[in-house]
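Coordinates in review
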Number of protein chains: 2
Amino acid sequence: MKLFNKVAIIGTGLIGGSIALAIKRRRLANRVIGLSRRKKTLIIAKKIKAIDEARSRVSELGDVDLVVLATPVGRIIELAPQLIKVIKKDCIVSDVGSTKQLILSRLSRNLPNYVGTHPLAGSQNSGIVFARADLFEGSTCIITPGWRMNSRALVKITLLWRRLGARVVYLNAAEHDRALSMVSHLPHVLAYSLMTSVGNKYLKYAASGLRDTTRIAASDPYLWADIFLSNRENMLKAIDLFGADLADMRQAIEKRDKRKLISIMEKARDKREKLENL
Amino acid sequence: MKLFNKVAIIGTGLIGGSIALAIKRRRLANRVIGLSRRKKTLIIAKKIKAIDEARSRVSELGDVDLVVLATPVGRIIELAPQLIKVIKKDCIVSDVGSTKQLILSRLSRNLPNYVGTHPLAGSQNSGIVFARADLFEGSTCIITPGWRMNSRALVKITLLWRRLGARVVYLNAAEHDRALSMVSHLPHVLAYSLMTSVGNKYLKYAASGLRDTTRIAASDPYLWADIFLSNRENMLKAIDLFGADLADMRQAIEKRDKRKLISIMEKARDKREKLENL
């Protein structure tokens, strides 16, 4: 069953490219139009049959039923005013940005059919070459409804993500940004900081511990700078909360308080086991 | 070729059990004796043919040629004085502790044939049930020579680890502990602290980022408390160095300094790529 006639994906990188690919493979739309500022990206997207048509400007979008903004957060906000001018009245607009409050505040006012999403999928890799039609299979997609709560748009976006293989959960934008600052954005800050701290001459002694802990420090700095700055208040709180917990462990080590140290680590390990079994 | 006649492995957990298993499979010794305080561990070790004989006391060791101490760091130090009384004069003593300076200072004085090692292998899992004969294949084993630099013992231990499939590197104990505080012990502290910080209600929104970053927070708290405390000075320095680097990122976020933020992250990412390609 086709969910849409024409779909436009703006930003055909890892996430946008994977959405396009999955929509094509599952025949969820008649046509998929890809937009990117990079010609190379569009050539690859066409070659792997992720998109039917390539465009380079928002003004060339045409009469699409759905626009998915899959660029970095800052670019989503820049594109919104242009989008309003060109789309038809009932066109559904969605985005896959990693922070939601700022985007919602800019898009929801002028785009009545806006529904935000955040697919919890991806990796440290970026770009269309890593796109996979099954990227969202078994993943979770958070949906953050717009201010006006347009139920037609909400249902359509929910169906889309279910058809892409994701489990859908609803969360308001403020709670989303708090949650993600802890489970995603903070781990990224820590991974980058840890790589900064480790001296080059010690890298050769690294085993899987450092490798796993810092895998996400290979992520795109431009993309993540946008995420950190668009979730600034929560990030500062998350870093400070972490700093206090780290200070507790530091103090236990300094005071040679083995009991305290083990107690902290046991609680952390139990929570990690809970995460493993979720 | 047999490297040893009788080998005793004290502490037949993940590392000790894997050494025993690999020695047996590769026929590097005529007999392997396993020591553990836990009867269950010894029963499993015998069942999977990691050891030929099981003992529960150091006093029952007999005339072995090599003793490998594979218990937590604190226990290695406790066992050393008992060991001195029972082993024959030319018996080689080695250990696989994750910190080396404290162990060396306690063992090297009274055990002339002591050579420390630290195989950079293992995982968050512990116990004989996770033991694998190929655990050290392609891994790095750091060898920290004893004070008296007994060349016969050094050669034998080097040969042993090469036969177990490891690349051998030599490092003095002080430099080992500094290096490992950065590439292994600090990541563990951060993983435990991060799990402490993340609220239970947010766990369900975690994707692979948090999972990878905190995999090692599932490690044994008793084992790691020993490691942190036996490498206390370096740990405090490592945490403070990391704290300063984290504060830099925090400040860039607070000041909305995107250029600074990206510059920090690019350097970190480049170092992470270097690590990937090592």
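This text goes with the structure placed above it.
Residues numbered from 1 in each chain as written. Chains lettered and ligands numbered in written order. Predicted model: local features only at pLDDT ≥ 70, side-chain atom pairs only at ≥ 80, totals over all residues. Heavy atoms only, no water.

What about the packing of aromatic side chains?
Each aromatic ring pair is characterised by the separation of its centres together with the angle its planes make. Stated formally: Classification of ring pairs rests on two measures: the distance between centres of Phe, Tyr or Trp rings, Trp counted by its six-membered ring, which must be within 6.5 Å, and the angle between planes, read as stacked under 30 degrees, edge-to-face over 60 and tilted in between. Segments assigned H or I by DSSP are reported as helices when at least four residues long, segments assigned E as strands when at least two residues long, and all are numbered from the N terminus. Relative accessibility thresholds used throughout: buried, under 20% of the residue-type maximum; exposed, over 50%; partly exposed, between the two (1.4 Å probe, protein chains only). Lysine NZ or arginine CZ positioned within 6 Å of the ring centre and within 35 degrees of the ring normal marks a charge as sitting over the ring.
Taken as a whole and judged by the stated rule, the model has five aromatic pairs over all chains. Here A:Phe242 and B:Phe242 contribute two aromatic rings whose centre-to-centre distance is 6.4 Å and whose plane-to-plane angle is 75 degrees, an arrangement assigned as edge-to-face. Taken together, the residues A:Phe242 in helix H9 (residues 232–254) and B:Phe242 in helix H9 (residues 232–254) connect one chain to another. In terms of burial, A:Phe242 and B:Phe242 fall into one category: buried. The interplanar angle of 50 degrees and the centroid separation of 5.8 Å between the aromatic rings of B:Trp224 and B:Phe228 together place this pair among those described as tilted. Placement of both B:Trp224 and B:Phe228 in helix H8 (residues 221–230) is noted, with a separation of four residues, approximately one turn of the helix. Each member of the pair, B:Trp224 as well as B:Phe228, carries the same accessibility label: buried. A:Lys156 extends its terminal NZ or CZ atom over the ring of A:Phe4, reaching a point 4.8 Å from the ring centre.

Topic: the sheet that holds strand E8 (residues 167–170) of chain B
All names here are of chain B. Operational definition: Two strands pair if DSSP finds at least two bridges between them. Where helices are involved, their axes are fitted lines through C-alpha atoms of the stretch in contact, as for all axes, and angles between N-to-C directions lie from 0 to 180°. Residue contacts are defined here by distance: any two heavy atoms, one from each residue, within 4.5 Å place the two residues in contact.
Judged by pairing direction, the sheet is mixed, and its eight strands sit side by side in the order E3-E2-E1-E4-E5-E6-E7-E8 without closing on themselves. Sheet topology places strand E3 (53–55) and E8 at the edges, where each strand pairs with a single neighbour. Between one strand and the next, the sheet's axes are offset by a mean angle of 25 degrees, whatever the strand orientation. In this structure, strand E7 (residues 140–145) lies alongside E8, joined through four bridges in parallel fashion. Looking at the pairing, threonine 140 lines up with arginine 167 of E8. Against the sheet, helix H6 (residues 173–197) contacts strand E6 (114–119) and E7, and its axis sits at roughly 145 degrees relative to E7.

Details of the side chain of A:Lys100
All names here are of chain A. Of note, lysine 100 is situated in the loop between strand E5 (92–95) and helix H4 (101–107). Classification of lysine 100 as buried rests on a relative accessible area of 1%. Sequence-distant contacts of lysine 100, that is, excluding residues within four places in its chain, are made with Asp95, Tyr114, Gly116, Thr117, His118, Thr144, Ala173, His176 and Asp177.

Points about the sheet that holds strand E2 (residues 29–35) of chain A
Residues and elements named next belong to chain A. An order of E3-E2-E1-E4-E5-E6-E7-E8 is seen for the eight strands of this open sheet, with the pairing classed as mixed. The two strands at the open ends of the sheet, each matched to only one other strand, are strand E3 (53–55) and strand E8 (167–170). Each strand of the sheet is rotated relative to its neighbour by a mean of 25 degrees, with strand direction disregarded. For E5 and strand E6 (residues 114–119), the ladder comprises three bridges, and the chain directions are parallel.

Considering the packing of H9(A) against H6(B)
Operational definition: Throughout this description, any angle smaller than 35 degrees is read as roughly parallel, any larger than 145 degrees as roughly antiparallel, any in the 65 to 115 degree range as roughly perpendicular, and the remainder as oblique. By convention the crossing between two helices is left-handed if the near helix lies anticlockwise of the far one by an angle smaller than a right angle, and right-handed if it lies clockwise. For this classification, Asp, Glu, Lys and Arg are treated as charged, while Ala, Val, Leu, Ile, Met, Phe, Trp, Tyr, Cys and Pro are nonpolar and the rest, including Gly, are polar.
It is at 9 Å that the axes of H9(A) and H6(B) come closest, and there the two elements cross at 130 degrees. Classified by the angle between their axes, H9(A) and H6(B) sit oblique to one another. Along this stretch, H9(A) crosses H6(B), giving a crossing that reads as right-handed. Residues A:Leu241, A:Phe242, A:Asp245, A:Leu246, A:Met249 and A:Ile253 of H9(A) form the contact with H6(B), whose participating residues are B:Val189, B:Leu190, B:Tyr192, B:Ser193, B:Leu194, B:Thr196 and B:Ser197. Class assignment for the residues of the contact of H9(A) with H6(B) results in nine nonpolar, three polar and one charged.

What to know about the packing of helix H10 (residues 258–276) of chain A against H6(B)
Where H10(A) contacts H6(B), the two axes come as close as 8 Å, and the packing angle between them is 70 degrees. On the basis of their axis angle, the class for H10(A) and H6(B) is roughly perpendicular. Contacts from A:Ile264, A:Met265, A:Ala268, A:Lys271, A:Arg272 and A:Leu275 of H10(A) reach H6(B) at B:Tyr192, B:Met195 and B:Thr196. The residue inventory of the contact of H10(A) with H6(B), partitioned by class, reads six nonpolar, one polar and two charged.

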